[in-house]
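Listed below are the residues making up each chain.
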Amino acid sequence: MTKMTYAEAARLALKEEMERDSTVWALGEDLGFEGGMGGQYKDLQAEFGIDRIVDTPISEATIMGAAIGAALAGTRPIAELRFSDFAMCAVDELVNQAAKARYMFGGQARVPMIARMPIGIRGGIAAQHSQSPEAWYTHVPGLVVVTPATPADNRGLLKAAIRCDDPVVYMEHKGLWGTEGEVEENDSHPIPLGIARKVVTGNDLTIVTWSAMVDIVEKAALSLADEGISVEVIDLRTLWPWDRDSVFSSVKKTGRLMVVHEAVQVGGFGAEITSEVSEHLFSMLKAPVKRMGGARIPIPFSIPLEAAYMISKEQIINKSKSFFS
Amino acid sequence: MAQVQTNEPARIFNMYKKMLLIRAFEEAAAENFHAGNVRGSVHQYIGEEAIAVGICENLRNDDLLTSYHRGHGHSIAKGADPRAMMLELFGRVGGTSGGKGGSMHIADFSVGMLGANGVIADGCTISVGAAQAIKLLKQDKIIVNFIGDGGINRGPFMEALNWAKVYELPVLFVCENNQIAATTTTKTVTAGDGIEARAKSYGIPAITIDGNDLLLVDRTAARIVDEIRAGSGPQLIQAMTYRLKGHYAHDEALYRNPSEVESALKNEPMPRTETWLKDQGVSIEEIEKAKDEAKKLMANYVSDAHEAPWPDISDAFTDVQDVGSPAEGTNL
Ligand SMILES: Cc1ncc(C[n+]2csc(CCOP(=O)(O)OP(=O)(O)O)c2C)c(N)n1
Ligand SMILES: [Mg+2]
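Keep in mind it's a predicted model, so treat the numbers as computed, not measured.

1. Things to note about helix α10 (residues 269-279) of chain B
Residue and element names in this part refer to chain B. Among all positions of α10, only Pro269, Met270, Thr273, Glu274 and Leu277 are buried. Viewed end-on, α10 has its buried residues packed into an arc of 130 degrees, placing them on one side of the element. Phi turns positive, to about 100 degrees, at glycine 281, one or two residues after α10.

2. Points about the environment of A:Met113
All names here are of chain A. Relative to the assigned elements, methionine 113 resides in the loop between α6 (101-104) and β5 (114-116). Judged by its relative accessible area of 1%, methionine 113 falls in the buried class. The spatial distance from the C-alpha of methionine 113 to the C-alpha of serine 84 is 16 Å, given a sequence separation of 29 residues. For methionine 113, the residues in contact, after removing those within four places along its chain, are Met64, Ala67, Ile68, Ala71, Pro77, Ala79, Ala98, Asp166, Pro167 and Val168.

3. So, helix α11 (residues 284-307) of chain B
Helix length check: α11(B) (24 residues) gives 35 Å between terminal C-alpha atoms against 34 Å at 1.5 Å per residue, within 8%. Against the buried residues of α11(B) lie α1 (9-34), α4 (82-89) and α10 of chain B.

4. A closer look at the nonpolar core
Counting 65 residues, the largest nonpolar core has B:Phe25, B:Ile55, B:Met86, B:Val144, B:Phe146, B:Leu172 and B:Met298 as its most contacted members. Tallying contributions element by element places α1(B) first for this core, with 14 residues. Non-local contacts of B:Met86, meaning those with residues more than four positions away in its chain, are made with B:Phe25, B:Ala28, B:Ala29, B:Met298, B:Tyr301, B:Val302 and B:Ala305. Counting 47 residues, the second largest nonpolar core, distinct from the first, contains A:Ala71, A:Ala99, A:Ala109 and A:Val259.

5. Re the interface of chain B and chain A
If you look at the interface, chain B gives 43 residues, while chain A gives 35 residues. For the pair chain B and chain A, the summed buried surface comes to about 3,100 Å²; carbon and sulfur atoms form 62% of the total. When residues of chain B are sorted by the area they lose upon contact with chain A, B:Arg39, B:Arg154 and B:Asn331 head the list and together hold 22% of the total. Scanning the region where chain B abuts chain A turns up 2 salt bridges. Of the charged contacts in the structure, one is a salt bridge between B:Arg39 and A:Glu306, with a shortest N-O distance of 3.2 Å. Here chain B is connected to chain A by 14 residue pairs in polar contact (both at pLDDT 80 or more). Residues that form the side of chain B that touches chain A fall into these classes: 17 nonpolar, 20 polar and 6 charged.

6. Let's talk about the side chain of A:Asp235
All names here are of chain A. Note that aspartate 235 resides in strand β11 (residues 231-235). A polar contact is formed between the side chain of aspartate 235 and the backbone nitrogen of arginine 237, at a distance of 2.9 Å. The contact partners of aspartate 235, leaving out residues within four places of it in the chain, are Ala149, Asp153, Ala196, Arg197, Val199, Thr209, Trp210, Ser211 and Val214.

7. Digging into the domain arrangement of chain A
Residue and element names in this part refer to chain A. Partitioning chain A into domains gives domain 1 (2-183) and domain 2 (197-324). Look at where the C-alpha atoms of domain 1 and domain 2 centre, and you get two points 26 Å apart. Listed as interface residues are 26 residues of domain 1 and, on the opposing side, 23 residues of domain 2. Between domain 1 and domain 2, the buried area comes to about 1,900 Å², and carbon and sulfur atoms account for 59% of it. Of all residues in domain 1, Ile121, Thr138 and Thr147 bury the most surface against domain 2, accounting for 26% of the area lost on that side. If you list the elements that add at least two residues to the side of domain 1 that touches domain 2, you get α7 (134-138), β6 (144-146) and α8 (151-163). The residue makeup of the side of domain 1 that touches domain 2, split by class, is 14 nonpolar, 10 polar and 2 charged.

The rules we used
Residues numbered from 1 in each chain as written. Chains lettered and ligands numbered in written order. Predicted model: local features only at pLDDT ≥ 70, side-chain atom pairs only at ≥ 80, totals over all residues. Heavy atoms only, no water. Buried < 20%, exposed > 50% of the residue type's maximum accessible area, 1.4 Å probe, protein only. Helix = DSSP H or I, 4+ residues; strand = E, 2+ residues; numbered from the N terminus. Arc of directions from axis to C-beta. Contact = heavy atoms within 4.5 Å. Expected span 1.5 Å × (residues − 1). Core = buried A, V, L, I, M, F, W, Y, C linked by side-chain atoms within 4.5 Å. Buried area = accessible area lost by both parts, 1.4 Å probe. Salt bridge = Lys/Arg side-chain N within 4 Å of Asp/Glu carboxyl O. Polar contact = N/O pair within 3.5 Å; in protein donor to acceptor, adjacent residues only side chain to side chain. Nonpolar A, V, L, I, M, F, W, Y, C, P; charged D, E, K, R; others polar. Domains from an automatic or database assignment.

Pasting the structure below:
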């Protein structure tokens, strides 16, 4: 085991995949010198050359469109959009082209690309640099949506995303770049897409979460354990496909479900999970399902206002306790 | 109605004072960023002040302006209150957006400043729409759209040029060419003969000028603003300049050749304007006094910002929308 940051783990994954497969390449703004916002491409241009780590103009529509074309023509591109907020400049290409080419063309086309677009609040970068739009893409048939929470997962899931033959929306969290975690350097296997990770085992309440909220939910679960509430925490890892089996079997055991995500609660992916569970496991539920997501407001700049958007460990603890009172 | 060109020292001295104010604002912003008082991204306009001031001096209060991520200078030049801007950077009550926007979203609609922008080139298309509105409302205003040299490679810029020309809209595009976009030298990712040629290919009159020459920017803007107001249709000014600092306050810009920065320092607008003023008989004492005043003013704004209250949590839930606005403290 080696200690590594979330960004370093992603860099390692990309490096390994680029060494393994010469058709893997990346395109985006400032990838060469800067090495990506979190250093996730650091020095890779020096190692693999300017044709495999391609510095692009500020042209998001073409970054995404070109990745699609390059995927259709036999390579495995990673389109780096820097912020999921800027990826919105290229949603058309992603949704109307990448997601649909395979189907519309009757299976002739495959689009093995990654639309890599970090999400989330990093602190003080306000309404156009902090959003978490992962639920948008789960709504689009044809797309895979991945939201890694730990360094080890960012390595294994990125590798799986690169090897995936369908377009993957890969959403790292900007607040996690510097987070450290153990990574098994010798195990270079991808982590299969669609398999959740059990973070904490428990019996009284299932909390399903992903991305940066995993750490906060885990801490809340540890505090709740001290108070005698046994929480099972599931990191979904992949939102589409999502691991119904793991979630369902956990809820069958605990009889209670809460979903927690940083994204706006209204229309968030928590709604999908809680309604699936309500529909299929209703008779096993000991209490109505609950959701926690961000307030339906643009993310404000000022510290206390930004905090009003975010979900705290204390709020998770309180809402968890409300299942039992 | 041609404006009489008077580069009389008093007028230029006033513009110089605005440049000093911008410089002092940017220095205070970075200082407070490093001290942890200002969060997020602070893109300093240091070294480019002559462009904003030279252009905006030729605008009316009711003329409109859109900016990009490096928007502090444009805002001050257009007449936004730097005190309110400093409070905004600190996220406090009394800030231009009450602390909701921060550095990348400075706006002051009372002086026609329709907002800095976190998304590159989005101001271009917004400007086209504002110009359509000006036309529809039969006003004699114009709109100025500031954009960086990196921004011209986004589609919306090209779409905006085409559209503005097709409908002969009263838009002045001002491309501030500091030759770099974040860490990328812009010419390495930009094809063709540059921004001026790109505008001309749409039939838009375009000119390239030394953006660090305040008098030249002023003179050029005076003529072009008049022409646009008189119905010339859109025009473009490419103002050559240099970003003296990093891309943002936490970037030390180590990717640049130190000799390039050194020679740029010789060409920066503040000393050049100073030299001109001195040649016109403005005394060194007057200039030093102006510098001190700008710094003192900014120090006052910073201490006001420290003392200003934080916004109330309830503010997070206002101004979202009318119908369907969230109730305070709820997620709905
Ligand atoms: C659509 C979009 N893509 C990427 C970014 C990230 N970004 C912010 S500033 C910048 C460089 C901009 O360069 P330029 O337009 O020359 O302006 P300058 O910073 O030099 O003033 C980039 C790539 C963004 N804000 N918006
Ligand atoms: Mg630039």
